[in-house]
Structure formats: C-alpha cells, structure tokens
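The chain contents come next:
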Amino acid sequence: MGHGVASCIAVSTGKIGYLSAWQIQKDLHSRVAEGELPGVLLLLEHPHVYTKGRLSKGSDVLLTKEELAARGIPVYETDRGGQVTYHGPGQLVVYPIVNLKDWGGPVKYVRALEQVVIATLT
C-alpha cells in the first residue's frame, strides 16, 4: 500500500561511513517497500570515499591503491548504475528511498526530481 507522492520523511544522520549508510538504506528500503514507512530522504555526509557503480572501470579511480591507502580513502563496489562517485566531508548526500510505483515509475520520478531541483535552485 503506497503512501502517495507527497508523503515523505527526512532523516539526517550527520557524518556516517558509507557501509553504515548502505545498511541503513537497505533497512529503510525494506520498511518502505512493506508500507511500514512512507518515502524517506536520507540526508548525510560521508568521510572520503569512492564508490564504483556497475559501469565503472578499474582506470576510473585515478589514485593507486597505495595512494588511496595512504590517505585512508576506501573504494567500494556497489550494485548501483553509473561509474565512479566521490563523496567527502562537507558534501551533502541525499539518498531518496521511495516506492517508485507511487510516482508512476522511474522515469516520472526522475522528471519530478529534476523539476524540484530546478525550482529549488531558481
């Protein structure tokens, strides 16, 4: 049972490691999918981290494994699309966890998200 497009809660964790945030996302996903929670916007900040999406190549991260280790920067493989993404201190990361059926599917959701960002920046 969906909660409707307008129903969403925002949760801020502050700075949190990528793997801890990933676990929170998985837990929230289950609760949203079961209808226990409405959509959730998870707002947080990560320590330095690179994530590699399904379309990434080994050459996408320009630092060597030794350089990454010396700087304490982990690299995680993810099941998400895309290539390599960097997150770090001072950067607000927003993970929307929503039931896409409530939004009319992924394309309508992305279009709505684009419009919200455009309107907010305007």
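None of these values were measured; they are calculated from a predicted model. (Residues numbered from 1 in each chain as written. Predicted model: local features only at pLDDT ≥ 70, side-chain atom pairs only at ≥ 80, totals over all residues. Heavy atoms only, no water.)

Caption draft 1: Representation of the overall build of the protein in the model. Within the protein, the secondary structure is distributed over three helices and six strands. Counting from the amino terminus, helix and strand elements in the protein follow one another as β-α-β-β-α-β-β-β-α. Oriented by its inertia axes, the alpha-carbon framework of the protein measures out at about 50 × 30 × 25 Å. Within the protein, buried positions represent 25% of all 122 residues. (Helix = DSSP H or I, 4+ residues; strand = E, 2+ residues; numbered from the N terminus. Buried < 20%, exposed > 50% of the residue type's maximum accessible area, 1.4 Å probe, protein only.)

Caption draft 2: Local environment of the side chain of Q25. Looking at the secondary structure, you find Q25 in helix α1 (residues 18–33). On the basis of relative accessibility, which here comes to 6%, the residue Q25 falls in the buried class. The residues touching Q25, leaving out its near neighbours within four places in the chain, are L42, R80, Y95 and I97. (Contact = heavy atoms within 4.5 Å.)

Caption draft 3: Focus on the sheet that holds strand β1 (residues 8–15). Overall, mixed pairing links the three strands, which are arranged β1-β2-β6 in an open sheet. The open sheet has two edge strands with one neighbour each: β1 and β6 (93–97). Taken over all neighbouring pairs, the strand axes of this sheet differ in orientation by 20° on average, direction set aside. Against the sheet, α1 engages β2 (39–45) and β6, with an angle of about 175° to β2. (Pairing = 2+ DSSP bridges. Axes fitted to C-alpha atoms, helices over the stretch in contact; angles between N-to-C directions.)

Caption draft 4: Spatial organisation of the pairing of β6. Here β6 shows a clear split, with V93, Y95 and I97 buried on one side and none of V94 and P96 buried on the other. Here β2 pairs with β6 via five bridges, running antiparallel. For L44, the partnering residue across the bridge sits in β6 and is V93.

Caption draft 5: Structural view of the environment of G39. Inspection of the secondary structure assignment puts G39 in strand β2. Spatially, the C-alpha atoms of G39 and S7 are 6.4 Å apart, while their sequence positions differ by 32 residues. Setting aside its immediate chain neighbours within four residues, G39 contacts S7, C8, I9, V32, I97 and V98.

Caption draft 6: Main features of the confidence of the model for the protein. Mean pLDDT over the protein: 91, with 95% of residues reaching 70 or higher. Predicted confidence for residues 1–5 stays below pLDDT 50, and this span has nine contacts to residues more than four positions away or in other chains. (pLDDT = per-residue confidence, 0-100.)

Caption draft 7: Broad picture of the sheet that holds strand β5 (residues 84–87). Overall, mixed pairing links the three strands, which are arranged β4-β3-β5 in an open sheet. The two strands at the open ends of the sheet, each matched to only one other strand, are β4 (75–77) and β5. Strand-to-strand twist across the sheet, computed as the mean angle between neighbouring axes with direction ignored, equals 20°. Of the pairings in the sheet, the one linking strand β3 (residues 49–52) to β5 comprises four bridges and is antiparallel in character. Looking across to β5, one finds that Y50 is bridged to Y86.

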